[in-house]
Amino acid sequence: MEQGQQNKPGTTGQHPHFRPAPHQQHQQHQPHQAQRTPRSAAHQRAAQPPHVTPPRPATTRRRAAANAAGSASGHTAGEGAASGKTAIIAAALGLALLGVALFSCYWTMLRPLNVQVNGKDVQVRVGTSAAEFIRDNDYFGAKAGRKLSIGGNVISEDGGTRYSVALDGNQKTPQDMEGVNVVDGSSFVVSDGTDVTEGSTEKTVPLAPAVQMESGGAVQFVSQWGRAGKKVVTVGDESGEEVDKEVVDPAQDMVIASRNVKPAGGKYIALTFDDGPSGYTPDILKILKDKGAKATFYNLGSQEANYGKYAKQLTEDGHELASHTNAHQYLPNLDANALRAEISSAADALEGAAGVRPQMIRAPYGAFTSTEWGRAGDIISCNVLWNIDTLDWKRPGADAIKAAVLNNAFNGAIVLMHDGGGNRQQDVEALPGIIDGLKAAGYELVTVSELLSHDDQFPKEVVEGTVTMPKDAQLPQV
Ligand SMILES: [Zn+2]
């Protein structure tokens, strides 16, 4: 109401249609006017004097007049001319509209756009999506990315991102391209897709210990048992591959010591005989008994069927019976099960023949690597090599065999000879002189276990052949 009253002629002196501009309102310092609303404007119109009628457009007035005349007196020549003129105008208007429509159609649907792709000019119809454009052009030669397993193996050659694209210098994904239309003058750089790695999950699994092995000594034994730890692995959703991610609890490695024997309190040497028992064993046993010497015999399990009685006799004579495994195989060629069978079947055979079940072995050719320790370290006490090789198997003559021992003897030495596996007559001939010579040099001839017992670096259970793997220990996975 205030608005209408304000604008009444005579009240302010303004014309009824006059509406002050916003800045004028402020200049008039009339804050209530600044709150003008459509409602107040309507009220203002309602307040206009009733005699003020907006003038009708001239064409409307003419048409109204013609209609009035026509209804009164029918068609006339003047009326026909006017009607023709109207039709021409309508037709022209129609043509114009059609032209606009056609042009609009052309502009929005058919117009070719000029763009650059990988530095070359290419035309594309307006309205084409960028993704469609790239697809229809066979990706402009871009090679699809692959889908890879978490282990880096190819799951599918085209399972990765189909292509890479930079649009006007901005890196975009193929998904981005679906939602945009090609714009005139754009620049595309389409290149090979990227590899995608499959999805994966993580899990915590036991971490098996590894095995470490010292070298350089004649006697090898477990100085530290392996213990499992824990690790987190990543498992591929599709491939099932497991990849190490992180060690959360380190495993304790199995450690194989390799030591030479350094006896305290005397001079000791251990003579050892491999590959028996055989027909030569009784002769050797007789010499040892006659001269009051002790020795160690690394017997083959496979020999016990025929010569088992000599295995029994040597133990009765106070010598040491140990294992040379069953059939003199090169142990690194065997898998874990065959290796363990080769060791345990020999122990069975020796036990059957002599009533003792030795844990001590000498691997054929001395070949017992960290792998063999990892696979069978729990069923032996030690692997015994040698310090003095007589090379008796070459049959160099009794004197040469004797000299090899006497010239190289030292306290704690382990001497390699043979009582089986071939003609051992030279060993039988050399043995008396060897024993005499060593005794003359002040050595006591003892078994290997006794030799070890004079050196406290060898654990009691290794010396006694009573090794058992602790319950919380674990063999390496080798
Ligand atoms: Zn052998």
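Since the model is a prediction, treat every value here as computed from it, not as a measurement.

*Asks:* Please provide a residue-by-residue account of the overall build of the protein, values included.
*Replies:* Along its length, the protein carries 15 helices and 21 strands. Expressed as a percentage of its 478 residues, the buried residues of the protein come to 29%. Sequence separation of 24 or more characterises 75% of the internal contacts of the protein that already satisfy a separation of 6 or more.

*Asks:* Explain the nonpolar core residue by residue, including any values.
*Replies:* Residues Ile-269, Val-415 and Leu-445 are the most contacted members of the largest nonpolar core, which totals 71 residues. Residue contributions to this core peak at 8 residues, all from helix α10 (residues 336-354). What Val-415 contacts, discounting residues up to four positions off in sequence, is Ile-269, Ala-270, Leu-271, Thr-272, Trp-386, Ile-388, Thr-390 and Val-405.

*Asks:* Can you explain the packing of helix α8 (residues 281-291) against helix α13 (residues 425-440)? Please cite residues and give values.
*Replies:* Orientation of α8 relative to α13, taken along the N-to-C sense of each, is 15°, at an axis distance of 10 Å. If you check the angle between α8 and α13, you find them roughly parallel. Between α8 and α13 the crossing geometry is right-handed. Residues Asp-283, Ile-284, Ile-287 and Lys-291 of α8 lie in contact with α13, whose contacting residues are Asp-427, Val-428, Leu-431, Pro-432 and Ile-435. A per-class count over the contact of α8 with α13 returns 6 nonpolar, no polar and 3 charged.

*Asks:* I'd like a description of α10, backed by residues and values.
*Replies:* For α10, with 19 residues, the first-to-last C-alpha span of 27 Å sits near the 27 Å given by 1.5 Å per residue. Against the buried residues of α10 lie β16 (295-299), α9 (304-316), β17 (320-323) and α11 (370-376). Just downstream of α10 lies Gly-355, where phi reads positive at about 80°.

*Asks:* Lay out the sheet that holds strand β18 (residues 383-384) in plain terms, naming residues and giving numbers.
*Replies:* Across the sheet, 4 strands lie side by side as β10-β14-β11-β18; this open sheet has mixed pairing. Every other strand in the sheet has two partners, leaving β10 (211-213) and β18 as the edge strands with one partner each. Bridge count between strand β11 (residues 219-224) and strand β14 (residues 254-259): 5 bridges; the pairing is antiparallel. Note that in β14 the partner of Val-219 across the bridge is Arg-259.

*Asks:* Talk me through the sheet that holds strand β4 (residues 154-156); I want residue IDs and the actual numbers.
*Replies:* Across the sheet, which stays open at both edges, the 3 strands sit in the order β4-β3-β8 with mixed pairing between neighbours. Each having just a single partner strand, β4 and β8 (196-197) make up the two edges of the open sheet. By the bridge criterion, 2 bridges tie strand β3 (residues 147-148) to β8 in an arrangement that is parallel. Note that in β8 the partner of Leu-148 across the bridge is Thr-197.

*Asks:* Tell me about helix α12 (residues 398-408), and name the residues and values.
*Replies:* Three or more residues of α12 are buried, namely Ile-401, Lys-402, Ala-404 and Val-405. Axial view of α12: buried residues confined to an arc of 155°, hence all on one face. More than 90 degrees from the buried face of α12, the exposed residues found are Asp-399 and Asn-407. As for α12, its buried residues are in contact with β19 (388-389), β20 (414-418) and α13.

*Asks:* Break down the pairing of strand β13 (residues 242-249) for me, with residues and values.
*Replies:* The buried count for β13 comes to 0 of 8 residues, which makes it a mostly uncovered element. Relative to β13, strand β12 (residues 229-236) runs antiparallel, the two being bridged by 6 bridges. When the sheet's bridge partners are listed, Lys-230 is paired in β13 with Asp-249.

*Asks:* With reference to specific residues and values, describe the packing of α9 against α10.
*Replies:* Running from N to C, α9 and α10 point in directions that differ by 65°, and their axes come no closer than 7 Å. Crossing angle aside, the handedness with which α9 passes α10 is right-handed. Facing Glu-304, Gly-308, Ala-311, Lys-312 and Thr-315 of α9, the residues of α10 in contact are Ala-349, Leu-350, Gly-352, Ala-353 and Ala-354. When the residues that make up the contact of α9 with α10 are grouped by side-chain class, the tally is 5 nonpolar, 3 polar and 2 charged.

*Asks:* Break down the environment of Ala-341 for me, with residues and values.
*Replies:* With respect to the helices, strands and loops of the structure, Ala-341 is situated in helix α10. Ala-341 sits 16 residues away from Thr-325 along the chain, and the two C-alpha atoms are 9.2 Å apart.

*Asks:* Go over unusual backbone geometry, please, and point to the residues and values.
*Replies:* The step from Gly-276 to Pro-277 runs through a cis peptide bond, and the omega angle for that step is -5°. For Pro-277, the location among the structural elements is in the loop between β15 (268-274) and α8. Of note, the phi angle at His-328 is positive, near 55°, even though the residue is not glycine. Inspection of the secondary structure puts His-328 in the loop between β17 and α10. Even without glycine at this site, Arg-395 takes up a positive phi of about 50°. Structurally, Arg-395 can be placed in the loop between β19 and α12.

*Asks:* Describe the confidence of the model for the protein, listing the residues and the values that go with them.
*Replies:* Scored by pLDDT, the protein has a mean of 87; 83% of the residues are at 70 or more. Scored below 50 in pLDDT, residues 1-55 shows 25 contacts in the model against residues more than four places distant or in partner chains. Long-range and interchain partners of residues 57-74, a stretch whose pLDDT sits below 50, account for 4 contacts in this model, where long-range means more than four residues apart.

*Asks:* Could you give an account of the environment of Gly-422, with specific residues and numbers?
*Replies:* With respect to the element layout, Gly-422 can be found in the loop between β20 and α13. Judged by local crowding, Gly-422 falls into the partly exposed class, with 13 C-beta atoms found within 10 Å. On a C-alpha basis, the gap between Gly-422 and Asp-275 in space is 8.8 Å, while along the polypeptide they are 147 residues apart.

Reading the values: the criteria
- Residues numbered from 1 in each chain as written.
- Predicted model: local features only at pLDDT ≥ 70, side-chain atom pairs only at ≥ 80, totals over all residues.
- Helix = DSSP H or I, 4+ residues; strand = E, 2+ residues; numbered from the N terminus.
- Buried ≥ 20, exposed ≤ 12 C-beta atoms within 10 Å, placed from the backbone.
- Contact = placed C-beta atoms within 7 Å.
- Core = buried A, V, L, I, M, F, W, Y, C linked by C-beta atoms within 7 Å.
- Axes fitted to C-alpha atoms, helices over the stretch in contact; angles between N-to-C directions.
- Parallel < 35°, antiparallel > 145°, perpendicular 65-115°, else oblique.
- Left-handed = near helix turned anticlockwise from the far one by under 90°.
- Nonpolar A, V, L, I, M, F, W, Y, C, P; charged D, E, K, R; others polar.
- Expected span 1.5 Å × (residues − 1).
- Pairing = 2+ DSSP bridges.
- Arc of directions from axis to C-beta.
- pLDDT = per-residue confidence, 0-100.

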